[in-house]
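# Coordinates in review
Given next are the chains, with one letter for each unit.
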Amino acid sequence: MTNQSFEAAPNAKPTNMKLLSKQVLRGPNIWSNYRKKLIQVRLDLEEMEDFPTDKIPGFRERIEVLLPGLIEHECSEMVRGGFLTRIERGTWMGHVIEHIALEIQTMAGMETGYGRTRGTGIPGVYNMVFAYQVEEAGLYAADAAFRIAESLIKSEYYDIDSDIVELVRLKNRYSLGPSTKSIVDEAVRRGIPWTRTDNSSTIQLGYGANQMSFRATIGCNTSALAVDTAGDKDLTKKLLAKAMIPVPSGGVCANDADLKSVIERTGYPIVIKPLKGNQGRGATIKITSWSSAREALALALEYGRYALVEKYVSGFDFRMLVIDHKFVAAAKRIPAHVIGDGISNIQELIDIVNSDPKRGEGHQNVLTQIKIDQDTMNLLEQSGLTLDSIPENGDVIFLKSTANLSTGGTAIDITDEVHPENIFMAERLSRVINLDICGIDLMAPSLGEAIKDNGGVVLEVNAAPGFRMHLQPSEGQPRNVAAAVVDMLYPPGKPSRIPIIAITGTNGKTTTTRVMAQLAKNNGCKVGYTTTDGIYIGDYLLKTGDTTGPVSAATVLADPTIDIAVLETARGGLLRSGLSFDQCDIAILTNVKEDHLGLKDINTLEDLANVKAVVVRSVKKDGWAILNADDEQCVRIGKELDCNVAYFSLDQENEVIKNHREANRPVAVFENGFISIADADGLHRIAHVETIPLTHGGKCKFMIANALSVALAGFLHGFCTGRIIETLQTFEPGFEQTPGRLNTFRFEKFEVLVDYAHNPHGYLAIEDFVKNIDAKRKIGIITGIGDRRDEDIKECAAISQRMFDHVIIRFDNDLRGSSSERITKLLLDGLNTTDKKVTYEIIEDELAAVQHVLQMASEGDYIVILSEAYKNVVEIIRSEQDHQTPLISISEAHKGPDSSVA
């Protein structure tokens, strides 16, 4: 890596580019269902939109000098140097920043390789994504790539080395350690999902009741007593000695008097180490004098109140690894050392060893860098050497008294050389301590013969043993020891997942989710589900609010009490972070209709369909996507899926339904008043809609569609048909079960309907229902949502004109960047679409509007209140029902003119 400066390019143009936003996509997303870890950046190139790379003098030369590794980027050319060719021909700066972000991650040791850049439809504004390994490093790479691109455009000096150093630091700080990563990688190979708890080494494998967890190399079933026992070296020795397992003689010391007493029993040489320690910290070996012993004791006591003093046993340092009480690997450990070349001094030899890319800080790499400490200086002094000494060619200079990899040691695999009696001893030892993941440190001439015969001993038993020496030994056969951990957590036949039913679409998601959850409960399942109203575990509400995003879904999947998840999945969370799960068993797509268009670069119905399609594309290959055959976008999506596809329809003559029935593929249809399912075995009538309360006697078509999707999903999941019938016939719609979804409240003289409808498709569904209502007068309370397109607000008003005789216009508290004047004009334009005369009034405050309409209603009226704040609305309605007295006089309401609109 070298920093570069350039002469100012002729006519170099200053840039005012802007990095507008960054976000992290952690699951399947609109860019890719398979590349789950992406950083998404929104860029405004501003004037640089007019300056692709071929119009920036010297740009290719500068970027090639600063980032020579870009020669390996094939890009769309699919040949080495393809990206540089694109720069030569001319490409835009968003594309360049994408490749820079990928390359600087590679330079920091994080291979990624995937990136895409797309226009947004706004001139000069692009969305760009690139893959990352470590989230924090990926976010930094986005900012750094932007800065680098600016410097290249301006032909200015740029210190790229500092960026690479920071990326390496972030990688080392936040990436999983080798042992943890090996277990995660093995789980991924087996298709087991995993999540990390914050930035710790605690990992959850699997979902729901089938989840398991581990931290470093301690499993969720590891005995806490065993871990505590292994941490007490003296107690461990006593247990092993009682079990006739060879251990060195010695004792526990807290002061010089204790030390003298132990030495009198054991004699020299001795080893002194902290009673409760690890990784060789505070340990001193081969002590042969009283003065050295006192110094070693003082060092050990820096790490705790007590030290362990043992008779020194000569031989080699070995580690045996036992997992689930079965021997899996063994290694011979060599203390940190350098080998003389007859030229370099010891400090220079250490620097050479530490330059090995395999060595890193702490446990972040295969080997650990050798650090000079007091132990190093003591060993050198004992050998009559200093850091400036030049060893003879071939001389081995040991730099640590212990062979731990964490202090720079190396390892040689000897798994196949271990004597059967030593294997028996190690497996038995693990049961004596009751430690399921157990690292056993031994000192012996060899493990090729029984240690009881060659004078070997067990020095320590380690909970949370490191796997590095086995995964990538300096010499010998690498051992996939992580496989034994995953075998222990998930023995053959034990599932890691629970069924996931994901539900998305423009309208109908929440009701479908609630009925589906009830169906799961009726089949004896312990269900967790998310809705726009909150997170539920079983019958209990854990959190209120719109919980249809990935964080809420992850909360459900992490709950150890559930065995099935039903997840309402909305567009907002999908765009913000992607899905929280990698695959689901069943996905229901209720419909794709105009809503939220013009927001978050979702400008067309096709754009919105692409967002919703992320959910159904996540269905596993043998799972089922349940799609609405009456919806054009659903049918289009269905043709692109590589899982099983089943359709539902209100029309048994629908061509898609007929084609699927001819092919003996399962469908659900509304026929002759029945919810029915057809498959290769024929037609199965589930229930007549008049017996299904959700459909309001069959008058509500969109609720019939919801019932069809639930019945089909339950049937294909394998739920009992009788339970499907029972659920549909006993699920009572109302504010408690389906809040804000066709909630009806009866007063003595009139009736009130409250619904969440907030887009044209929702308004059409309400219109279809209300037209079957016989009322003297139909009154509607409506609004326009500030961030919706003009045409959508006007269409909602036009539907209201057809639906109602009198309209009350009110406003949300949050106008979402719009104004009441704009919304009023659009609504009035919509109410003037046809010749039908509708009276209207404007009451800006929603709650005042509700109080007003309850007071003005007369006998035979039917009131429809369309609101996203339905909980507040229902509270007022129930209060009025309870008291049957006016809450506010008509004169107190902020009342607009009782005008007539033609």
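Read on for an overview of the structure.

Thresholds, definitions, all that
Residues numbered from 1 in each chain as written. Predicted model: local features only at pLDDT ≥ 70, side-chain atom pairs only at ≥ 80, totals over all residues. Heavy atoms only, no water. Buried < 20%, exposed > 50% of the residue type's maximum accessible area, 1.4 Å probe, protein only. Helix = DSSP H or I, 4+ residues; strand = E, 2+ residues; numbered from the N terminus. Arc of directions from axis to C-beta. Contact = heavy atoms within 4.5 Å. Polar contact = N/O pair within 3.5 Å; in protein donor to acceptor, adjacent residues only side chain to side chain. Core = buried A, V, L, I, M, F, W, Y, C linked by side-chain atoms within 4.5 Å. Pairing = 2+ DSSP bridges. Axes fitted to C-alpha atoms, helices over the stretch in contact; angles between N-to-C directions. Parallel < 35°, antiparallel > 145°, perpendicular 65-115°, else oblique. Left-handed = near helix turned anticlockwise from the far one by under 90°. Nonpolar A, V, L, I, M, F, W, Y, C, P; charged D, E, K, R; others polar.

Every buried residue of helix H7 (residues 224–231) is listed here: Ala226, Thr229 and Ala230. One side of H7 holds all its buried residues, which, seen down the axis, span an arc of 95°. Among the exposed residues of H7, those oriented more than 90 degrees off its buried face are Ala224 and Leu225. The inward-facing, buried residues of H7 contact helix H8 (233–242), helix H13 (420–433) and strand S21 (457–463). Two to three positions downstream of the cap, the backbone nitrogen of Leu225 sits 3.2 Å from a side-chain oxygen, assigning the N-cap of H7 to Ser223.

Below, the discussion takes up unusual backbone geometry. With omega at -10°, the peptide bond leading from Tyr268 into Pro269 counts as cis. You can see Pro269 is positioned in the loop between helix H9 (256–266) and strand S10 (270–274). Its identity is not glycine, yet Met78 carries a phi of approximately 60°, on the positive side. The residue Met78 is located in the loop between helix H1 (59–66) and helix H2 (82–89) in this model.

Right, let's talk about the environment of Asp755 for a bit. Structurally, Asp755 can be placed in strand S34 (residues 751–755). Of the residues examined, Asp755 reaches a relative accessible area of 8% and is grouped as buried. In sequence terms Asp755 and Leu742 are 13 residues apart; their C-alpha atoms lie 5.0 Å from each other. Not counting chain neighbours up to four residues away, the residues in contact with Asp755 comprise Gly740, Arg741, Leu742, Ile766, Ile865, Leu866 and Ser867. A polar side-chain atom of Asp755 sits 2.7 Å from the main-chain amide nitrogen of Leu742.

It is worth spelling out the nonpolar core at this point. In this structure, Met516, Ile626, Ile675 and Ile809 are the most contacted members of the largest nonpolar core, which totals 69 residues. Ranked by residue count, the leading element in this core is helix H23 (residues 701–717), at 10 residues. Setting aside residues up to four positions removed in sequence, Ile626 forms contacts with Ile586, Ala587, Ile588, Leu589, Ala646, Phe648, Ser709, Leu712, Ala713 and Leu716.

To continue, consider the sheet that holds strand S8 (residues 218–219). A sheet is described by the order of its strands in space; here 4 strands give the open sequence S5-S6-S7-S8, paired in antiparallel fashion. The open sheet has two free edges, formed respectively by strand S5 (194–196) and S8, since each of these has just one partner strand. Pairing analysis gives 2 bridges linking strand S7 (residues 212–215) to S8, with the strands arranged antiparallel. In the sheet register, Phe214 faces S8, and the bridge partner there is Gly219.

Read from one edge of the open sheet, 4 strands run S9-S12-S10-S11, paired in antiparallel fashion. Of all strands in the sheet, those bounded by a partner on one side alone are strand S9 (250–253) and strand S11 (284–287). Strand-to-strand twist of the sheet, defined as the mean angle between neighbouring strand axes without regard to direction, takes the value 20°. As judged from the 2 bridges shared by S10 and S11, these two strands associate in the antiparallel manner. Within S11, the residue paired with Ile270 across the bridge is Ile287. The sheet strands contacting H8 are S9, S10 and strand S12 (307–311), and the helix crosses S12 at an angle near 40°.

Here the focus is the packing of helix H17 (residues 509–522) against helix H24 (residues 721–730). Here H17 crosses H24 at 130°, and the two axes come no closer than 9 Å. Of the possible angle classes, the one that applies to H17 and H24 is oblique. The interaxial crossing formed by H17 with H24 has right-handed handedness. Each of Val515, Gln518, Leu519 and Asn522 in H17 lies in contact with H24, whose residues at this interface are Arg723, Ile724, Glu726, Thr727 and Leu728. When grouped by side-chain class, the residues that make up the contact of H17 with H24 number 4 nonpolar, 3 polar and 2 charged.

What is shown is where atoms sit, not what they do.
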